[in-house]
Amino acid sequence: MRESQRSPIGVFDSGVGGLTVLRELYRQLPDESILYFADTARLPYGTRSKGEIIAFVRDILDWMTERRVKMVIMACNTSSALALDEVRQEYPDLPILGVILPGAKAAVRQGKRIGIIATPATVASRAYERAIHEIDPVARVWQVPCPEFVPLIEANRIFDPYTTRVAKEYLEPLLAENIDTLVYGCTHYRHLAPVFRDLLPDSVQLIDPARSVVRAAEKELELLGLKNTDRPLPTGFTVSGDPEAFTRLSKQWLGYSPRVGKVYFPAPTVLPVPVEVPVSS
Ligand SMILES: N[C@H](CCC(=O)O)C(=O)O
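Parameters at a glance
- Residues numbered from 1 in each chain as written.
- Predicted model: local features only at pLDDT ≥ 70, side-chain atom pairs only at ≥ 80, totals over all residues.
- Heavy atoms only, no water.
- Near = heavy atom within 4 Å.
- Polar contact = N/O pair within 3.5 Å; in protein donor to acceptor, adjacent residues only side chain to side chain.
- 1 Å grid on protein atoms, 1.4 Å probe; cavity = no way out; pocket = protein on both sides within 12 Å on 5 of 7 lines; lining within 4 Å.
- Sits in = over half its atoms within 2 Å of the grid points.
- Nonpolar A, V, L, I, M, F, W, Y, C, P; charged D, E, K, R; others polar.
- Pairing = 2+ DSSP bridges.
- Helix = DSSP H or I, 4+ residues; strand = E, 2+ residues; numbered from the N terminus.
- Axes fitted to C-alpha atoms, helices over the stretch in contact; angles between N-to-C directions.
- Contact = heavy atoms within 4.5 Å.
- Expected span 1.5 Å × (residues − 1).
- Buried < 20%, exposed > 50% of the residue type's maximum accessible area, 1.4 Å probe, protein only.
- UniProt positions renumbered as here; feature names shortened; annotations may be inferred.
- Points joined across faces, edges and corners; volume = space filled by probe spheres on them.
- Right-handed = clockwise from strand over helix to strand, strands pointing away.

Enquirer: Honestly, the site of the ligand in this entry has me stumped. Any pointers?
Expert: Taken together, 13 residues surround the ligand, and among them Ser 14, Tyr 45, Asn 77, Thr 78 and His 188 come closest. In the model, an oxygen atom of the ligand is placed 2.7 Å from a nitrogen or oxygen of the Tyr 45 main chain. Here an oxygen atom of the ligand sits 2.7 Å away from a polar atom, N or O, in the main chain of Asn 77. When atom positions are compared with the pocket grids, the ligand is found to occupy the largest cavity. Each residue belonging to the shell around the ligand can be placed in one class, and the counts come to 5 nonpolar, 7 polar and 1 charged.

So, in structure tokens, the structure goes:
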């Protein structure tokens, strides 16, 4: 077996959103070793500019290539929408997968009236709309930016009634359009699944691009002869912010308390547009 087959897959997000992709990797590709990175010191990404996001993604890819990952999955829609094309050209030897195209393909297989909930940056990029219309030009697409979700999820306020109220407000314009399909256009939002299930009629299919990106990753690994057949190593976790905070928060989704390392990345030069989330009610 080649050394590169044993190498880990790098997975990154701004925070705990990418854990939804990590869980799919555990389910679909249990033999793969994974290096998970969360850029928690520079979170949220969804209210940042394209230039900043590309710069952050470069930091992460440099760090991951030093650790000899065999592939990178951007477990972040915002990075996939704004930085994927650029960095693919800059790192031609590294297979890099984004979540938008797999998510768009899954949505089009499911419905014709498609709602997208995503960060303001992803919505503004119109990446989902373009990807969907390239596959199905007659599919209808409605997008809603949901700036409050990431701060609420990172603050572990999933079951807070305030979060349900916000979700109801975000979903209203989509339900008024009679959508038949709703895409989690931000990896964090999948953590709100119980809230969405309560608010959506049964006729609306929920699409999690995490499932499809992992299927795409498996195909790509097969194609490149890079599937691991050895015992996988325990997942390595690293953050740019507070490791203990990440351990505490991620435990509920992983079912164990991960040991988390820390890396120091350049501080952002511009602060993100603050998103005020009121305290618990
Ligand atoms: N989870 C990410 C980023 C969210 C954020 O940091 O705003 C996404 O899928 O877009």
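Enquirer: Just to check I follow, could you spell out the sheet that holds strand 6 (residues 140–145) for this structure?
Expert: Note on sheets: strands pair through backbone hydrogen bonds, and any given pair is parallel or antiparallel. Taken in spatial order, the 4 strands make up an open sheet running 6-5-7-8, and their pairing is parallel. Every other strand in the sheet has two partners, leaving strand 6 and strand 8 (205–207) as the edge strands with one partner each. Neighbour to neighbour, the strand axes of the sheet diverge by 25° on average, direction disregarded. Its contacts with the sheet put helix 6 (residues 100–110) on strand 5 (113–118), strand 7 (181–184) and strand 8, and the angle it makes with strand 8 is roughly 165°. Its contacts with the sheet place helix 10 (residues 161–176) against strand 5, strand 6 and strand 7, and it is angled at close to 165° to strand 6.

Enquirer: Would you mind showing me how to read helix 13 (residues 243–254) here?
Expert: Counting along an α-helix, one turn takes 3.6 residues, and residues three or four places apart therefore face a common direction. Over its 12 residues, helix 13 runs 15 Å from end to end, which matches the ideal 16 Å to within 8%, given 1.5 Å per residue. All of the buried residues along helix 13 are Pro 243, Phe 246, Thr 247, Leu 249, Ser 250, Trp 253 and Leu 254. Buried residues along helix 13 sit in contact with helix 2 (19–28), strand 2 (34–38), helix 9 (149–154), strand 9 (236–239) and strand 10 (260–262). Where helix 13 begins, one side-chain oxygen reaches toward the backbone nitrogen of Glu 244, 3.0 Å away; that side chain belongs to Asp 242. Taken from the residues just after helix 13, Gly 255 is the one with a positive phi, measuring 80°.

Enquirer: So what exactly am I meant to see when it comes to the UniProt feature "binding site: substrate" (unreviewed entry) in the protein chain here?
Expert: Taken from the UniProt record, the annotation "binding site: substrate" (unreviewed entry) applies to Asp 13, Ser 14, Tyr 45, Gly 46, Asn 77, Thr 78, Thr 187 and His 188. Judged by maximum C-alpha separation, these annotated positions cover 176 residues in sequence but sit close together in space, the widest gap being only 11.9 Å. Those annotated residues lining the largest cavity are, specifically, Asp 13, Ser 14, Tyr 45, Gly 46, Asn 77, Thr 78, Thr 187 and His 188. Here Tyr 45 lies in the loop between strand 2 and helix 3 (50–66). When residues no more than four places from it in sequence are discounted, the contact partners of Tyr 45 are Ser 14, Asp 39, Ile 53, Phe 56, Ile 60, Cys 76, Thr 78, Ser 79 and Ala 121.

Enquirer: Would you mind going over the side chain of Glu 129 with me for this structure?
Expert: Along the polypeptide, Glu 129 turns up in helix 8 (residues 127–135). Polar side-chain contacts of Glu 129 include one of 3.0 Å to the side chain of Arg 126.

Enquirer: Is there a simple way to explain the layout of surface pockets in this structure?
Expert: If a probe the size of a water molecule is rolled over the atoms, the empty space left behind becomes visible. The volume enclosed by the largest pocket comes to roughly 750 Å³. Taken together, 29 residues form the lining of the largest pocket, with Leu 84, Gly 98, Ile 100, Leu 101 and Pro 102 sitting closest to its centre. Residue assignment for the lining of the largest pocket shows that the elements contributing at least two residues are helix 4 (77–82), helix 5 (84–90), strand 4 (96–97), helix 6, helix 8 and helix 12 (209–224). By residue number, the principal contributor to the lining of the largest pocket is helix 12, which donates 6 residues. Lining the second largest pocket we find 14 residues, and of these Arg 190, Leu 206, Ile 207, Asp 208 and Arg 211 sit closest to its centre. Residue classes in the lining of the second largest pocket are distributed as 5 nonpolar, 2 polar and 7 charged.

Enquirer: Which parts of the structure should I look at to understand the pairing of strand 2?
Expert: Where a strand is regular, its side chains alternate between the two sheet faces. Counting buried positions along strand 2 gives 5 out of 5 residues, so the element sits mostly inside the fold. Residues Ile 34, Tyr 36 and Ala 38 point to one face of strand 2 and Leu 35 and Phe 37 to the other, with burial holding for every one of them. Both strand 1 (residues 9–13) and strand 2 contribute to a ladder of 5 bridges, which runs parallel. In the sheet register, Val 11 faces strand 2, and the bridge partner there is Tyr 36. Note that the unit made of strand 1, helix 2 and strand 2 has a crossover that is right-handed. The sheet contact formed by strand 2 and strand 9 spans 4 bridges and is parallel. The residue bridging Phe 37 from the neighbouring strand is Thr 238, located in strand 9.

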